[in-house]
Amino acid sequence: MGRTFRLIIHHPRFSPILDAAASTVIVRVILSYMAGVPQSDAPHRNSSKTFYLETFGCQMNVHDSEKVIGTLVHEGYRQVETVEEADLILYNTCSIRDKAEQKVFHRLADYKKLQAQGKKFGVLGCVAQQEGEKIFERAPHVSLVCGSASYRRLPEMLVQLENAHVAGALEAATLEAGIEARRLQAELEAGHRVEGKREVAKLVRITGLDDRQTDECFETEFTARTNPYRGYITIIEGCDKFCSYCVVPFTRGKERSRTSESVLAEARQMADLGYSEIQLLGQNVNSYKDPTSDLGKKKSFAELLAAVGEVPGIRRVRFTTSHPRDFGRDIVEAIDAVPTLCDHVHLPVQSGSTRVLDAMQRLYNREQYMQRIAWIKAAKRDISITTDIIVGFPGETETDFGETLSLLEEVGYDSVFTFKYSPRPNTPSLSLEDAIPDEEKARRLEVVMARQRELQITQYKKYIGANLEVMVEGYNEGRGQWVGRTSHNKTLNFTAGLGPKVGSFAVVRVTASFPNSLVGELVI
Ligand code: 5AD
Ligand code: SF4
């Protein structure tokens, strides 16, 4: 059924004839708003409100976007593939390094011209929280700025945005009608012309910038997961570690965990929907502290991990990211005891030098890190280890850098994510002296990557001849190969006579290796 409205105009400034002129403009605005589209092309467009969302950054952001999409769809919005089709354009942003932050401002500049078509822009995520209202100054066409700690308030912010849109359009229309009315009146009465139509842009500014005060997690039943087999569950949000280089404690708020019951209920629901792999997410998953008041039900992170792994229907469980300081032996024991827990631990070290780790305020030294590695290596299962490394932290000497290189050899990582240190706002390391020149950071980055590549060639060769179980992720037409993922989180491309189903599990014999992937043939 169509929506209806009645318009009564009480406006002492206009004569009845001129009120009618004003009404015409106002009615046009309301009708086009009710059609959910800008005034200019209202009759030609689909009637639902549309949005476009682009996500930058980490898995937490990817999953937040799934929740934001679910929330918007529940609020009556329809997701579209291009900015051109959208009424509302959203960017879920990352500010972990300067480059990531700049990307969003480039995007906003690229599409600014679309504001003239009545499109609204919103900035979500870490840049939103970090820059706050300053975004309105840098990009005045933005109407909504919302950090991740405020997503639970999105529905009310969307209503505000819509109401402001109507109010703004009405205000603009009333002014436009008023000007038009006065022009007509002037023409009638005095015969001389007054200024004609004027662009009246109403600046709508809505913010959700809850910061470290909030205790709440963004829990929603409307998560729009993009992959039907593998899905994320957030178990903990925020971070209290305050590593000296990192913006996350400022952008994602304080550490707060979901109850284990709520996490398990979501895992069971996903299993019922046919998901077979779950990835538990958090900035720092092993700082998980179950807020459940019932002591009998309270779980440690390792217990929660095991319990998720025991949910019927779940074949694989992963978790990321771990902080070495909170990484306990019980996690390795859980991996050994529960076959569905994947043989992979991502344990960011950041530097191999205790001196630099200290300056980074990482709360562990090289020896303690290596102790965690020893626990992992002592497991009954062959657990793959990956890490993050920052090169060029202020004051990092050649000796410190050499220690990072020697750590790579000592641990034997299966994969390393390497970053050049990027000074970030609000962080303690911003004020440190002895900045490393960018060319030197770039050189160190190259050296780490080249060394790790050599190590990985040896690392990956050892799987040749092994039979590994993969989850089938898709088919690569160009290469004529199926793409699978091992429990170790390695890509294993393989050939198969009869094509397996995407999302199913298959056993593949490894026949060759590359520095970043394996190749094989389907066994069963
Ligand atoms: N500069 C460079 N890399 C950073 N990371 C976090 N903050 C910075 C920064 N300011 C890296 C760390 C972290 C990963 C997600 O990003 O290695 O583990
Ligand atoms: Fe950032 Fe450190 Fe927290 Fe990780 S643990 S999110 S690096 S502050």
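Residues numbered from 1 in each chain as written. Chains lettered and ligands numbered in written order. Predicted model: local features only at pLDDT ≥ 70, side-chain atom pairs only at ≥ 80, totals over all residues. Heavy atoms only, no water.

**A look at the overall build of the protein**
In step 1: When helices and strands are counted, the protein shows 14 helices and 19 strands.
In step 2: In the protein, which comprises 524 residues, the proportion classed as buried is 53%.
In step 3: Counting only contacts in the protein whose residues sit at least 6 apart along the sequence, the fraction spanning at least 24 positions is 74%.
In step 4: As displayed, the protein offers around 24,500 Å² of accessible surface, 52% of which is attributable to carbon and sulfur atoms. (Helix = DSSP H or I, 4+ residues; strand = E, 2+ residues; numbered from the N terminus. Buried < 20%, exposed > 50% of the residue type's maximum accessible area, 1.4 Å probe, protein only. Contact = heavy atoms within 4.5 Å. Areas by Shrake-Rupley, 256 points an atom, 1.4 Å probe, with all protein chains shown as cover.)

**Thoughts on the site of ligand 2**
In step 1: The full set of residues close to ligand 2 is Cys-239, Lys-241, Phe-242, Cys-243, Tyr-245, Cys-246, Val-248, Pro-249, Gln-283, Asn-284, His-323 and Arg-362.
In step 2: Residue classes in the shell around ligand 2 are distributed as 7 nonpolar, 3 polar and 2 charged. (Near = heavy atom within 4 Å. Nonpolar A, V, L, I, M, F, W, Y, C, P; charged D, E, K, R; others polar.)

**Describing the nonpolar core**
In step 1: Ranked by size, the top nonpolar core spans 56 residues in total, and within it Ile-235, Leu-280, Phe-301, Val-308, Phe-319, Tyr-369 and Tyr-413 carry the most contacts.
In step 2: Non-local contacts of Val-308, meaning those with residues more than four positions away in its chain, are made with Val-263, Leu-264, Ala-267, Ile-278, Leu-280, Ile-314 and Val-317.
In step 3: If you look at the next biggest cluster of nonpolar residues, it comprises 22 residues, including Leu-108, Ala-128, Phe-136 and Ala-139. (Core = buried A, V, L, I, M, F, W, Y, C linked by side-chain atoms within 4.5 Å.)

**Some thoughts on the packing of helix 8 (residues 260–272) against helix 9 (residues 301–309)**
In step 1: In contact at an axis separation of 10 Å, helix 8 and helix 9 are set at 20° when each is read in the N-to-C sense. Between helix 8 and helix 9, the interaxial angle falls into the category roughly parallel. Between helix 8 and helix 9 the crossing geometry is right-handed. Every residue of helix 9 that contacts helix 8 at Ser-260, Val-263, Leu-264 and Ala-267 is listed here: Leu-304, Ala-307 and Val-308.
In step 2: A per-class count over the contact of helix 8 with helix 9 returns 6 nonpolar, 1 polar and no charged. (Axes fitted to C-alpha atoms, helices over the stretch in contact; angles between N-to-C directions. Parallel < 35°, antiparallel > 145°, perpendicular 65-115°, else oblique. Left-handed = near helix turned anticlockwise from the far one by under 90°.)

**Considerations on the site of ligand 1**
In step 1: Surveying the vicinity of ligand 1 reveals the residues Ile-96, Arg-97, Tyr-245, Gln-350, Asp-388, Ile-390, Phe-419, Lys-420, Tyr-421, Ser-422 and Arg-424.
In step 2: For ligand 1, an oxygen atom lies 2.6 Å from a polar atom in the side chain of Gln-350.
In step 3: With respect to ligand 1, the side chain of Asp-388 contributes an N or O atom lying 2.7 Å from an oxygen atom.
In step 4: Protein contacts shield 86% of the accessible area of ligand 1, which totals 400 Å² for the unbound molecule.
In step 5: Counting only elements with at least two residues in the shell around ligand 1, the list comes to strand 13 (384–391) and strand 14 (415–420).
In step 6: Its residues assigned to classes, the shell around ligand 1 shows 5 nonpolar, 2 polar and 4 charged. (Polar contact = N/O pair within 3.5 Å; in protein donor to acceptor, adjacent residues only side chain to side chain.)

**Looking at the sheet that holds strand 7 (residues 230–234)**
In step 1: Spatially, 7-10-11 is the arrangement adopted by the 3 strands of the open sheet, whose pairing is parallel. Here the strands that pair on one side only, and so sit at the sheet edges, are strand 7 and strand 11 (316–320). The mean inter-strand angle of the sheet, taken between neighbouring strand axes irrespective of direction, is 25°.
In step 2: Both strand 7 and strand 10 (residues 277–281) contribute to a ladder of 5 bridges, which runs parallel. In the sheet register, Arg-230 faces strand 10, and the bridge partner there is Glu-277. (Pairing = 2+ DSSP bridges.)

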